[in-house]
Amino acid sequence: MNDGPALEPWEVFRREKDGDPMRHGGSVMAPDADLALHYARELYGRRQESVRLWIVRRADIIDLEDADLLQPPLDRSFKKPGGYVMRDKLAAAREAAGQSKPKARDRR
Amino acid sequence: MSRSAAAVPPAPTAVAGLEALLRSMADDEFVIGFSDSEWTGIAPLLEEDIAMSSLAQDELGHAAALYGLLAELTDTDADALAYDREPGDYQHARLLDHGRGDWAMTIARRYLYETADAVRLEALVGGSWAPLADLVGKLVREERYHQMHIGSWLERLATAEGEPRDRLRAALGTLGPDAGTVFTPLPGEPALVADGILARPMAELEADWRARITSVFDRLRLPQPPPTRDPERGRTDHGDAFTWLHGEFTIVRRSDPGATW
Amino acid sequence: MTDPLALDPVLAPSDRASGGAPARQHDEAYDAWFERFEAHVMAGGKVESTDAMPDEYRTAVLRFVEMHANSELMGVLPEREWLMRAPTLRRKLALTAKVQDEVGHAQLLYRIAEDLGKPREAMFDDLLAGKTKFHNVFHYPTVGWADVGMIAWLVDAAAIVAQQALRDSSYAPYARTMRKICWEESVHIMHGRDVVVTMVTGTPAQRAAIQDALDRWWGPLMQMHGPRSPRDKDMDLRWRIKAKSSEELRQEFLTIYVPRIRELGLVIPDAELRYDDDARQWHYTEPDWNELRTVVTNHGPMSEARLEFRRLARADTAWVRETILAAPQAA
């Protein structure tokens, strides 16, 4: 029987065209890196649909899904544009200055 | 864009040899494509199934390109060349007449063929007839993937003690006497060499190939292919298996001759 | 493609796909979690392979995906024999690529099922033992090149109608795979239609062969999406594993493809087939659900032959999987 490596999943990331980020495509089963590369090319590159592939053992990926770390409960709106709503303040400032809201392309 | 035969006609002395060369190469790729595509849906692993199918499609694409070039030289079309000849008129190497066999047989056949084809292509790179040189330049780039795949599989089978190794040795034993038929001397070959289309004669290419195989097979303790059986008939006498295959691949065309498909 | 649940109205309980987690005694905490999960998927929320999910949902997705995977794999066989017989180099390349894509789709779908916990070899065991099913259309013979064109066009078209409706499945790995599959299938349909149109404008024998193929394949096509089943009992719809019912898929197929068939001068072998403008739906002769039941329980014309072909091929390559491509050890 077999003493060698068994089939395991390898994740495949691909870049579709120059400038694109690497995106997850899917996974292949393979016993080692050599065949994982072949199979990744087949499943995610046989139609010339990718310019680059990254192939990595699923077991080697560090997976972070912890909600306490990625979605902690306290307010963090100061880190996002949505945390700076100025509409009422701006309206008050314009009124005090006797100014109207500038048009988008005003240069005055 | 490859240059066409019409734009760049070959030297008249080379035409006969070129036709024989192109026919032999196209027929090789066409026929090996059949046995490889027989694994469709039933290869040992789904991922490997898809890989083998890509190899078969590459072979078919190479055959189509080679038939296309031959068609330009002989004023016909690629499909007519591929499909409308009698079984005895096909010039593929006898190595490719063996039945598909098991996975080890397929790997053994592919290894023997791909390594031989690599030596043949190397001898055609940069040849004096531009349309063929252009095509060979493209084929060589595509063949790299084939070399990677088959080299990897030969190692795997050869180094797995027990059944894989035994089956590989048995397959090599069966195919061995026909392994060198890829290098069967061609009619008109001396003119191809003299005109700089083929770098060296097939006999020398075969010696190169055997030297390369020897070092790999020594390392893996595999049986060396013996001298070619019946070397003058290396590309003829295809036997009943090919006659059957020919019947299959012509069945639709023969059902309605002249129809467009 | 149809899902196993769509076949349930015609199958005896013993013939339904195995699956369906046993009813549990739920405690309050579990019930609350289950309700939140249901609310999540019913509102369009997604589920990933590593997320916690109720056994019932996991089983439903697995059964759905497994039948789809089986169908892609078995679907290779009717076309496979024509690879060797394709009449031109270009058709041979196109058909080889198409069949390769089907094996590719089987790989994508079995991978999803594997990540849900069922090993690939176990799925092959169940398929070959007849415990799990594959779609009706793949149980029928292909008798000529016209069949190859007809299958690639209309069978793939019926499949793509179903697959497009799965692109927003609540089970996200399946949804993503469906998008990739739909993109690949669109090429198959074009290849099939090209073969059909070429033959329809060819010799009288070719035209007759296409009409004959349509006559034979129309019945299985109309059965393919499965019989109507009550929406309120359909958990796959409730949990948004799928988005449309069998009847909706069949109606959509007819709307798109009946005009395209008729514009070629082909006659659809159903005198009742017509579109009702008031009811805004197609009327047709009720498909033969007995035939569907007989076929998907592996009593179709080619069922046993194809399953046996697979068993033999699998046995023939077992030595490779026992050594070089060994299956992963059970977790």
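Quick caveat: nothing in here was measured; it's all calculated off a predicted structure. (Residues numbered from 1 in each chain as written. Chains lettered and ligands numbered in written order. Predicted model: local features only at pLDDT ≥ 70, side-chain atom pairs only at ≥ 80, totals over all residues. Heavy atoms only, no water.)

(A) Quick look at the interface of chain B and chain A. In this assembly, 12 residues from chain B lie in contact with 14 residues from chain A. Roughly 1200 Å² of surface becomes buried between chain B and chain A when both sides are summed, with 59% attributable to carbon and sulfur atoms. Of all residues in chain B, the largest losses of buried area upon contact with chain A belong to Glu-47, Tyr-145 and Arg-156 of chain B, amounting jointly to 45% of the total for that side. Where chain B packs against chain A, one counts two salt bridges. Note that Arg-156 of chain B is salt-bridged to Asp-32 of chain A, the shortest N-O span being 2.6 Å. At the surface where chain B touches chain A, the tally comes to seven residue pairs in polar contact (both at pLDDT 80 or more). Put simply, the parts of the chain that give the side of chain B that touches chain A at least two residues each are helix H2 (46–74) and helix H5 (130–159) of chain B. Top element by residues in the side of chain B that touches chain A is H5 of chain B. It accounts for six residues. In terms of residue class, the side of chain B that touches chain A is built from six nonpolar, three polar and three charged. (Contact = heavy atoms within 4.5 Å. Buried area = accessible area lost by both parts, 1.4 Å probe. Salt bridge = Lys/Arg side-chain N within 4 Å of Asp/Glu carboxyl O. Polar contact = N/O pair within 3.5 Å; in protein donor to acceptor, adjacent residues only side chain to side chain. Helix = DSSP H or I, 4+ residues; strand = E, 2+ residues; numbered from the N terminus. Nonpolar A, V, L, I, M, F, W, Y, C, P; charged D, E, K, R; others polar.)

(B) Representation of unusual backbone geometry within the structure. All names here are of chain B. The phi angle at Asp-75 is positive, at roughly 55°, despite the residue not being glycine. Mapped onto the secondary structure, Asp-75 falls in the loop between H2 and helix H3 (78–83). Despite not being glycine, Asp-230 shows a phi value in the positive range, around 50°. Note on placement: Asp-230 falls in the loop between helix H8 (202–220) and helix H9 (239–255).

(C) Region of the structure containing the packing of helix H6 (residues 145–164) of chain C against helix H10 (residues 246–262) of chain C. Residue and element names in this part refer to chain C. Here H6 crosses H10 at 145°, and the two axes come no closer than 9 Å. Our pair here, H6 against H10, has a crossing hand that is right-handed. Note on element contacts: H10 touches H6 through Leu-249, Glu-252, Phe-253, Ile-256, Tyr-257, Arg-260 and Ile-261, opposite Trp-153, Leu-154, Ala-157, Ala-158, Val-161 and Ala-162. Considering only residue class, the contact of H6 with H10 consists of 11 nonpolar, no polar and two charged. (Axes fitted to C-alpha atoms, helices over the stretch in contact; angles between N-to-C directions. Left-handed = near helix turned anticlockwise from the far one by under 90°.)

(D) Structural detail: the interface of chain B and chain C. In this complex, chain B contributes 47 residues to the contact, which on the side of chain C involves 42 residues. The contact between chain B and chain C buries some 3900 Å² in all, and 69% of this surface belongs to carbon and sulfur atoms. Across the chain B-chain C interface, the total number found is two salt bridges. Arg-120 of chain C is the salt-bridge partner of Glu-47 of chain B, the closest N and O atoms lying 2.8 Å from each other. Along the contact surface separating chain B from chain C lie 17 residue pairs in polar contact (both at pLDDT 80 or more). Only helix H1 (15–37), H2, H3, helix H4 (103–122), H5, helix H6 (163–175) and H9 of chain B provide two or more residues apiece to the side of chain B that touches chain C. For the side of chain B that touches chain C, a count of residues per class yields 28 nonpolar, eight polar and 11 charged.

(E) Structural detail: a negative patch on the surface. Together, Asp-27, Glu-28, Asp-31 and Glu-35 of chain C make up a region of like negative charge exposed at the surface. Mapped onto the fold, Asp-27 of chain C is located in the loop between helix H1 (4–7) and helix H2 (28–42). (Patch = residues over 30% accessible without salt bridge, like charges linked within 9 Å, V, L, I, M, F, W, Y side chains within 5 Å. Areas by Shrake-Rupley, 256 points an atom, 1.4 Å probe, with all protein chains shown as cover. Lys, Arg positive; Asp, Glu negative; His and termini not counted. Charge placed at Lys NZ, Arg CZ, Asp CG, Glu CD.)

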